[in-house]
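A look at the structure
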Amino acid sequence: RDGRDCKFNVIINVVEARGLLGKGSTGLNECRAKVFGLWDPDGYEQSCVHSKTSTPFFGFVAKLTYEGQPRAFFQSTLVIQILHYRGLMPPKPIGQLQVGIVDIFHSRDHKVPMQWFAIADVYSEEPAVPTGYIRCSLIINSQDEPGAVQLDVPEEERARCELLEI
């Protein structure tokens, strides 16, 4: 590490998902959330499996750490995938959300407050139609800066931050 390197934490709080496209034989999903940064696709965190549901309550907090050149970090993307877990077979993607690191960093206080985001199947040949919605917050802080996970939107911000109510 030289003097030009930086260290950042990216804290992701995935609370719940709603309206997920059913991938299971019953129309329901064995859901799992997977979070990673494109700066290190092998360094991921994932939630436990939530059985037979289209509206899982994840309550999942992930912390990804980056150490290296600032340019590579700010040009990168954060990816949140919702997967249908199938046991021994590879999981089927239900949808994913991609957010640019620079977009989070330029937000007020370097955080995107708790809100709903549409997820889409990026591997589909059809136009990007939402395959569900996830509620999450995204925070970037430096390695030495204390950071807290936002569990809910403050009441005065609720009217501005709620983009979608299902």
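Conventions adopted
- Residues numbered from 1 in each chain as written.
- Predicted model: local features only at pLDDT ≥ 70, side-chain atom pairs only at ≥ 80, totals over all residues.
- Heavy atoms only, no water.
- pLDDT = per-residue confidence, 0-100.
- Helix = DSSP H or I, 4+ residues; strand = E, 2+ residues; numbered from the N terminus.
- Core = buried A, V, L, I, M, F, W, Y, C linked by side-chain atoms within 4.5 Å.
- Buried < 20%, exposed > 50% of the residue type's maximum accessible area, 1.4 Å probe, protein only.
- Contact = heavy atoms within 4.5 Å.
- Pairing = 2+ DSSP bridges.
- Salt bridge = Lys/Arg side-chain N within 4 Å of Asp/Glu carboxyl O.

Focus on the confidence of the model for the protein chain
Considering every residue of the protein chain, the mean pLDDT works out to 83; 83% of them sit at 70 or more. Ranking the helices and strands of the protein chain by mean pLDDT puts helix H2 (residues 101–105) first, with 94, and helix H3 (residues 155–161) last, with 49.

Topic: the nonpolar core
Core analysis: the largest hydrophobic core is formed by 31 residues, its most contacted members being Ile-12, Val-35, Leu-78, Ile-80, Ile-134 and Leu-138. At the level of secondary structure, the elements contributing two or more residues to this core comprise strand E1 (6–18), strand E2 (29–37), strand E5 (57–68), strand E6 (77–86), strand E7 (89–100), H2, strand E8 (111–120) and strand E9 (130–142). With 6 residues, the top contributor of residues to this core is E1. When residues no more than four places from it in sequence are discounted, the contact partners of Ile-134 are Glu-16, Ala-17, Ile-80, Ile-82, Leu-97, Gln-115, Trp-116, Phe-117 and Ile-119.

Re the pairing of E8
Counting buried residues along E8, 8 of its 10 residues qualify, which places the element largely inside the surrounding structure. In this structure, E8 lies alongside E9, joined through 8 bridges in antiparallel fashion. Across the sheet, residue Gln-115 finds its bridge partner in E9, namely Cys-136.

Regarding the pattern of salt bridges
Side chains that differ in sign of charge can pair as their charged atoms come close. Tallied over the full model, the rule gives 1 salt bridge. Across the pair Glu-16 and Arg-18 runs a salt bridge, and its minimum N-O distance is 3.2 Å. On the accessibility criterion, Glu-16 (14% relative accessible area) is buried.

A short note on unusual backbone geometry
Although it is not a glycine, Lys-52 sits at a positive phi angle of roughly 45 degrees. Along the polypeptide, Lys-52 turns up in strand E4 (residues 50–53). Although it is not a glycine, His-110 adopts a positive phi angle of roughly 60 degrees. By the element assignment, His-110 lies in the loop between H2 and E8. By relative accessible area, His-110 is classed as partly exposed at 27%.

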